[in-house]
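Here's the letter readout for the chains.
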Amino acid sequence: MGARRRRRQSLVEQVLYMLVLIIVWIFLWDSASGMVIVSGVVVAFTVVRAFYLPPIQLAGRVNFYYATLFILWFMLNVLLASVEVAWLTVRRRPVDAGSVMAVDLSTRSDLLITLVTMTNGLIPGSLVIEIDRARAVVFVHGLNCADDEELEKVRAKTHQIETLLIYAIGSPHDIEVLNDARRERGQKPRLENLTIRERARRARLAKEARARR
Amino acid sequence: MILDIVSTVFIAGAALLSLAAGIGSLRFPDLLSRMHASSKPQLFGLVMVMFAVGLQIRHWGPVSTMFIIVFFQLFTVPVAAHMIGRAGYRTKHLRRSMLYRDELDDAVARAHAREVAERERRELAEKDRDTDSAGPASGSASGEDRTANDHDESDTGR
């Protein structure tokens, strides 16, 4: 990535943060008058400049189909799992033992690991209690998880979250690693045309075609 | 009329979910299971109450504030649950009998073994350097108890 492109991307990211902050500001004031927007810009700029945080590294791509799919899947799961956990609390038999399992993630991006952890924490029945950041392993505690079948269910759920998130906003490298992992698990790889390997292959083919001509 | 019914259903559902959260925090047997009960049904209940109130008020002002409430709840609740669960695990406030399988314990044991091996290798190298002073019993670290600090090893990477 060239220096200019990097600078442009960081500018885009800063503008994105500021936009989010301004929207929160407008929502707090309950109006979108000129004064509120101007003061919002000032406050957002001050916050972004004064409270410097390590930058969130976006991959620079969004797939709206998978993003929508992720949000719908997430809402459906929260609904179903809430009812399930509520039933566990009131049924006569007490809950079984839980389990802590290590789930290998394909991504190394801090943002995606955070999002996977948070989504996992929002869906009832699973909770990440420890993260090995260097190896991208999350340790998920599953509620009422006392046989291998239940265990695999929680593991599959975590993988499902990760898959949707990577296809929605992950980097091409993440997609490639994920597709390899999916092949190993016997699932179909998706978005193959975005991966680095595929792009390199296409570039090579184009070059050969040009050489032949 | 229909809006009233929908709001009522949502508020009743939210109340039931919050009740379940309360009962769960009482009835569940260990810390990690309780974390499930106390954070999530409650959050979903809150979202439902907000939705019902929004249906009743239908003014932009309160609705936008409720958006912010839900937004920040979505971001903070899982972090809080994660931190409490993590602290509970690290300080060993957990009932082993309530864990069917614990792969984190295996990982911690592996990290600990790696650390001990590393330390022993370093000590051996030091001993080789000054072979004259062959001190007895260089204190093999394998007898040491694992402390909570050992967990730190795994996430110091990068």
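In what follows, the structure referred to is the one given above.
Residues numbered from 1 in each chain as written. Chains lettered and ligands numbered in written order. Predicted model: local features only at pLDDT ≥ 70, side-chain atom pairs only at ≥ 80, totals over all residues. Heavy atoms only, no water.

## Examining the overall build of chain A
For step 1, the next point in the chain: What chain A contains, in helices and strands, is 7 helices and 3 strands.
For step 2, the next point in the chain: The secondary structure elements of chain A, listed N-terminal to C-terminal, are α-α-α-β-α-β-β-α-α-α.
For step 3, the next point in the chain: Relative to the compact-globule value of 17 Å for 213 residues, chain A shows a C-alpha radius of gyration of 22 Å, a clear excess of over 25%.
For step 4, the next point in the chain: Each of the three principal axes of chain A carries a C-alpha extent, and together these read 65 × 65 × 30 Å.
For step 5, the next point in the chain: Split into buried and exposed, the 213 residues of chain A put 42% on the buried side.
For step 6, the next point in the chain: A sequence separation of at least 24 residues applies to 62% of the contacts in chain A between residues at least 6 apart.
For step 7, the next point in the chain: Accessible surface, chain A: about 12,500 Å² in total, of which carbon and sulfur atoms supply 64%.
For step 8, the next point in the chain: In chain A, 30 positive and 21 negative side-chain charges are present, and the distance between their average locations comes to 12 Å. (Helix = DSSP H or I, 4+ residues; strand = E, 2+ residues; numbered from the N terminus. Rg over C-alpha atoms; globule rule 2.2 N^0.38 Å. Buried < 20%, exposed > 50% of the residue type's maximum accessible area, 1.4 Å probe, protein only. Contact = heavy atoms within 4.5 Å. Areas by Shrake-Rupley, 256 points an atom, 1.4 Å probe, with all protein chains shown as cover. Lys, Arg positive; Asp, Glu negative; His and termini not counted. Charge placed at Lys NZ, Arg CZ, Asp CG, Glu CD.)

## Re the packing of helix 6 (residues 172-184) of chain A against helix 7 (residues 196-212) of chain A
Residues and elements named next belong to chain A.
For step 1, the next point in the chain: Contact pair helix 6 / helix 7: the axes reach a minimum separation of 8 Å and the direction vectors enclose 105°. Of the possible angle classes, the one that applies to helix 6 and helix 7 is roughly perpendicular. Counting all contacts with helix 6, which are made through Pro-172, His-173, Glu-176, Asp-180 and Arg-183, the residues of helix 7 involved are Ile-196, Arg-197 and Arg-199.
For step 2, the next point in the chain: Across the contact of helix 6 with helix 7, the residue classes tally to 2 nonpolar, 1 polar and 5 charged. (Axes fitted to C-alpha atoms, helices over the stretch in contact; angles between N-to-C directions. Parallel < 35°, antiparallel > 145°, perpendicular 65-115°, else oblique. Nonpolar A, V, L, I, M, F, W, Y, C, P; charged D, E, K, R; others polar.)

## Structural notes on a positive patch on the surface
All names here are of chain A.
For step 1, the next point in the chain: On the surface, a cluster of positive charge is made up of Arg-4, Arg-5, Arg-7, Arg-8 and Arg-199.
For step 2, the next point in the chain: If you tally residues by element for the positive patch, the top one is helix 1 (residues 3-29), at 4 residues.
For step 3, the next point in the chain: Within the fold, Arg-7 resides in helix 1.
For step 4, the next point in the chain: Since its relative accessible area comes to 59%, Arg-7 is described here as exposed. (Patch = residues over 30% accessible without salt bridge, like charges linked within 9 Å, V, L, I, M, F, W, Y side chains within 5 Å. Salt bridge = Lys/Arg side-chain N within 4 Å of Asp/Glu carboxyl O.)

## Comments concerning the sheet that holds strand 1 (residues 98-104) of chain A
For step 1, the next point in the chain: With respect to topology, 4 strands assemble into an open sheet ordered 2(A)-3(A)-1(A)-1(B), the strand pairing being mixed. What marks the edges here is a single partner per strand, and that holds for strand 2 (126-132) of chain A together with strand 1 (99-102) of chain B. Averaged over all pairs of adjacent strands, the angle between their axes in this sheet comes to 25°, without regard to strand direction.
For step 2, the next point in the chain: In the sheet, strand 1 of chain A pairs with strand 1 of chain B via 3 bridges, with the strands oriented parallel. The residue of strand 1 of chain B that forms the bridge with Ser-99 of chain A is Arg-101 of chain B.
For step 3, the next point in the chain: In the packing of helix 4 (residues 110-122) of chain A onto the sheet, contacts are made with strand 2 and strand 3 (137-142) of chain A, and the angle to strand 2 of chain A comes to roughly 155°.
For step 4, the next point in the chain: The sheet contacts of helix 5 (residues 148-169) of chain A involve strand 1, strand 2 and strand 3 of chain A together with strand 1 of chain B, and relative to strand 1 of chain A the element is tilted by about 40°. (Pairing = 2+ DSSP bridges.)

## What about the interface of chain A and chain B?
For step 1, the next point in the chain: Between chain A and chain B, the residue contacts involve 54 residues of the former and 46 residues of the latter.
For step 2, the next point in the chain: Of the roughly 4,100 Å² buried where chain A meets chain B, counting both sides, 65% is carbon and sulfur surface.
For step 3, the next point in the chain: Counting the surface chain A buries against chain B, the share from its top three residues, Phe-27, Thr-89 and Glu-130 of chain A, is 15%.
For step 4, the next point in the chain: Viewed at the interface, chain B and chain A are joined by 4 salt bridges.
For step 5, the next point in the chain: Between Glu-130 of chain A and Arg-86 of chain B there is a salt bridge whose closest N-O contact spans 3.0 Å.
For step 6, the next point in the chain: Put simply, chain A and chain B have 20 residue pairs in polar contact (both at pLDDT 80 or more) between them.
For step 7, the next point in the chain: Among the elements that take part in the side of chain A that touches chain B, helix 3 (residues 64-90) of chain A stands out by supplying 8 residues, more than any other.
For step 8, the next point in the chain: When its residues are assigned to classes, the side of chain A that touches chain B shows 29 nonpolar, 11 polar and 14 charged. (Buried area = accessible area lost by both parts, 1.4 Å probe. Polar contact = N/O pair within 3.5 Å; in protein donor to acceptor, adjacent residues only side chain to side chain.)

## Let's talk about the nonpolar core
For step 1, the next point in the chain: Judged by nonpolar contacts, the single largest core of 40 residues is most densely connected at Ile-123, Val-138 and Ile-161 of chain A.
For step 2, the next point in the chain: In contact with Ile-123 of chain A, other than residues within four places in its own chain, are Trp-73, Phe-74, Asn-77, Val-78, Ala-81, Lys-157 and Ile-161 of chain A together with Lys-40 of chain B.
For step 3, the next point in the chain: Judged by nonpolar contacts, the second largest core, of 14 residues, contains Leu-127 of chain A together with Tyr-89, Leu-99 and Leu-104 of chain B. (Core = buried A, V, L, I, M, F, W, Y, C linked by side-chain atoms within 4.5 Å.)

## Some details on unusual backbone geometry
Excluding glycine, residues mostly have negative phi values, and the peptide bonds linking residues are mostly trans.
All names here are of chain A.
For step 1, the next point in the chain: Positive phi, close to 60°, is recorded for Asp-30, a residue that is not glycine.
For step 2, the next point in the chain: Structurally, Asp-30 can be placed in the loop between helix 1 and helix 2 (34-50).
For step 3, the next point in the chain: Of the residues examined, Asp-30 reaches a relative accessible area of 31% and is grouped as partly exposed.
For step 4, the next point in the chain: Of note in the backbone geometry, Ala-136 takes a positive phi value of approximately 55° without being a glycine.
For step 5, the next point in the chain: Of note, Ala-136 is situated in the loop between strand 2 and strand 3.

What is shown is where atoms sit, not what they do.
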